Amino acid sequence: MSNSESAQNGGTWYGAGDPMHFEHLKVVDPDIFKCIQSETRRQVETLEMIASENFVSPAVLESLGSVMTNKYAEGYPRNRYYGGCEHVDIAEGKARFRAKKLFGAKHANVQAHSGSQANMAAYFTLAKPGDTVMGLHLNHGGHLTHGSGVNFSGRFFNIVPYEISTETGRIDYDQMAELAREHRPKVIVSGASAYPRIIDFARVREICDEVGAFHIADIAHIAGLVATGLHPTPIDLADIVTTTTHKTLRGPRGGMILTSNETSEILLENMPKPKTMAQAIDAWVFPGGQGGPLMHVIAAKAVAFGEALKPEFKVYQQQVVDNAAVLAETLLSEGFKLVTGGTDNHLILMDLSPKKLSGKASEKALEAAGITTNKNMVPNDPQKPFITSGIRVGTPALTTRGMKTDDMVVIGKMISRVLNDQENELTLTKVREEVAELTSHFPLYQIPV
Ligand code: DSN
């Protein structure tokens, strides 16, 4: 692929430029150098189809590997607990400004270390321990932080999960409304980790308004689509929007919180004094839940948001969605069942129960063939979460490499061959060779030597 072609996909890094050098690491810690070398090779030579992963640009990588990691900067720009913050202030200011522009938000907190910590800060901004919170059930596509009993969300809050319809595989908004009327939650969380359809944020807002609940929208998976208008935005429909920055948004691993709710005085009974929504969010990130921000990650977030503001990023996101649609059609034509029958976004949830295949074994077989996916629960899954009957696949990472719809047809057929013949080593080896051949046409990073 030429650089001009790759630029249309929103980046210029595919195989371009020098490899990262690691002169020091090679000498100081050859074991870890080898891990990085092998991981680079794995990323380059296999098909990365985990729906929540992506490949960052060299500019983002350089920022992550910079001296910004050395700086303590507790507090917020121009209001820190440490001296020497004049440069990190600029980086964080740019990250916040670009995030607000990208999503049309009035306030952005870019310090959350992860999506989970963003959600924790959002919950504590709006609810007290023991309050009722509604979120999509983990086994129906929700996230751990949307109320799982093994997570802080399920331990600190009284969780009432809503579900997807077992007939359609889509979120059952009528059930959500009924549960909300019955349980009067303080917060309803919208958003999902394994949901292939558009989320109706307006309907969730209506339900919240009817019962007097706050609305938190977790757009971690779809942030890139939301930023480019390919999925409706929750910005004016949710009190708080949380996201990760490393999935479709293609930035460094991390979290972010946005709001456009200008509630001037939100009384937080467990905060020392009334705060605006923006101030309350910031206070629940630092000092409420975190200490020093990761300034190298925040600098990299600024770079990624700058990339996402470019017109090429929309072209990239459209290709992500087009690729997922064609991959879904291919899998359907190969006889697979897909939850909801297809996809509107970047991911597909395959229900392997009609074929009597487990997600665990299928993930392993695909991995052996050079295709990286993850096992996933499907609605009413008879299997345990560590086994499952589903496989989740996504197109963000392959699309970053420059792959298009024709490639998705080829890949869909490879997935079909592996899943239908997963015990056969010869099939797995043959597909692995084909994967190596395919990936060689889509250079990514140079493997360090
Ligand atoms: N664990 C992530 C995923 O894979 O979807 C969500 O945060």
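About the criteria used
- Residues numbered from 1 in each chain as written.
- Predicted model: local features only at pLDDT ≥ 70, side-chain atom pairs only at ≥ 80, totals over all residues.
- Heavy atoms only, no water.
- Pairing = 2+ DSSP bridges.
- Helix = DSSP H or I, 4+ residues; strand = E, 2+ residues; numbered from the N terminus.
- Axes fitted to C-alpha atoms, helices over the stretch in contact; angles between N-to-C directions.
- Contact = heavy atoms within 4.5 Å.
- Near = heavy atom within 4 Å.
- Polar contact = N/O pair within 3.5 Å; in protein donor to acceptor, adjacent residues only side chain to side chain.
- Areas by Shrake-Rupley, 256 points an atom, 1.4 Å probe, with all protein chains shown as cover.
- Nonpolar A, V, L, I, M, F, W, Y, C, P; charged D, E, K, R; others polar.
- Left-handed = near helix turned anticlockwise from the far one by under 90°.
- Salt bridge = Lys/Arg side-chain N within 4 Å of Asp/Glu carboxyl O.
- Buried < 20%, exposed > 50% of the residue type's maximum accessible area, 1.4 Å probe, protein only.

1. Some thoughts on the sheet that holds strand E6 (residues 158-162)
Stage number 1. The seven strands lie next to each other as E4-E10-E9-E8-E7-E5-E6, forming an open sheet whose pairing is mixed. The sheet terminates laterally at strand E4 (107-109) and E6, the two strands that pair on one side only. Looking at each pair of strands side by side, their axes are set apart by 20° on average, direction ignored.
Stage number 2. Here strand E7 (residues 187-190) pairs with strand E8 (residues 214-218) via four bridges, running parallel. Paired with serine 190 across the strands is alanine 217, a residue of E8.
Stage number 3. Sitting on the sheet, helix H11 (residues 277-285) touches E4, strand E9 (240-244) and strand E10 (255-259), and the angle it makes with E4 is about 0°.

2. Quick notes on the site of the ligand
Stage number 1. The ligand sits among Ser52, His143, Ser193, His221, Lys247 and Arg392.
Stage number 2. One of the side-chain N or O atoms of histidine 143 is found 3.1 Å from an oxygen atom in the ligand.
Stage number 3. In the model, an oxygen atom of the ligand is placed 2.6 Å from a nitrogen or oxygen of the histidine 221 side chain.
Stage number 4. Within the complex, the protein chains bury 66% of what would otherwise be the 240 Å² of accessible surface of the ligand.
Stage number 5. Partitioned by chemical class, the residues of the shell around the ligand number no nonpolar, four polar and two charged.

3. Considerations on the packing of helix H5 (residues 86-103) against helix H12 (residues 295-308)
Stage number 1. Orientation of H5 relative to H12, taken along the N-to-C sense of each, is 35°, at an axis distance of 8 Å. Like other packed secondary-structure pairs, H5 and H12 cross with a definite hand, here left-handed. The residues of H12 that touch H5, namely those facing Val88, Ala91, Glu92, Lys94, Ala95, Arg98, Ala99 and Leu102, are Met295, Ile298, Ala299, Ala302, Val303, Phe305, Gly306 and Ala308.
Stage number 2. Of the residues that constitute the contact of H5 with H12, the class distribution is 12 nonpolar, one polar and three charged.

4. What about the pattern of salt bridges?
Stage number 1. Scanning all chains against the criterion turns up 15 salt bridges.
Stage number 2. Across the salt bridge formed by aspartate 131 and lysine 186, the nearest N and O atoms sit 3.4 Å from each other. Taken together, the residues span a long stretch of sequence, with aspartate 131 in the loop between helix H6 (115-126) and strand E5 (132-136) and lysine 186 in the loop between helix H8 (173-183) and E7 at a distance of 55 residues.
Stage number 3. Relative accessible area serves as the criterion here: at 16%, aspartate 131 is assigned to the buried category.
Stage number 4. Members of the salt-bridge network, linked through shared partners, are Glu39, Arg42 and Glu48.

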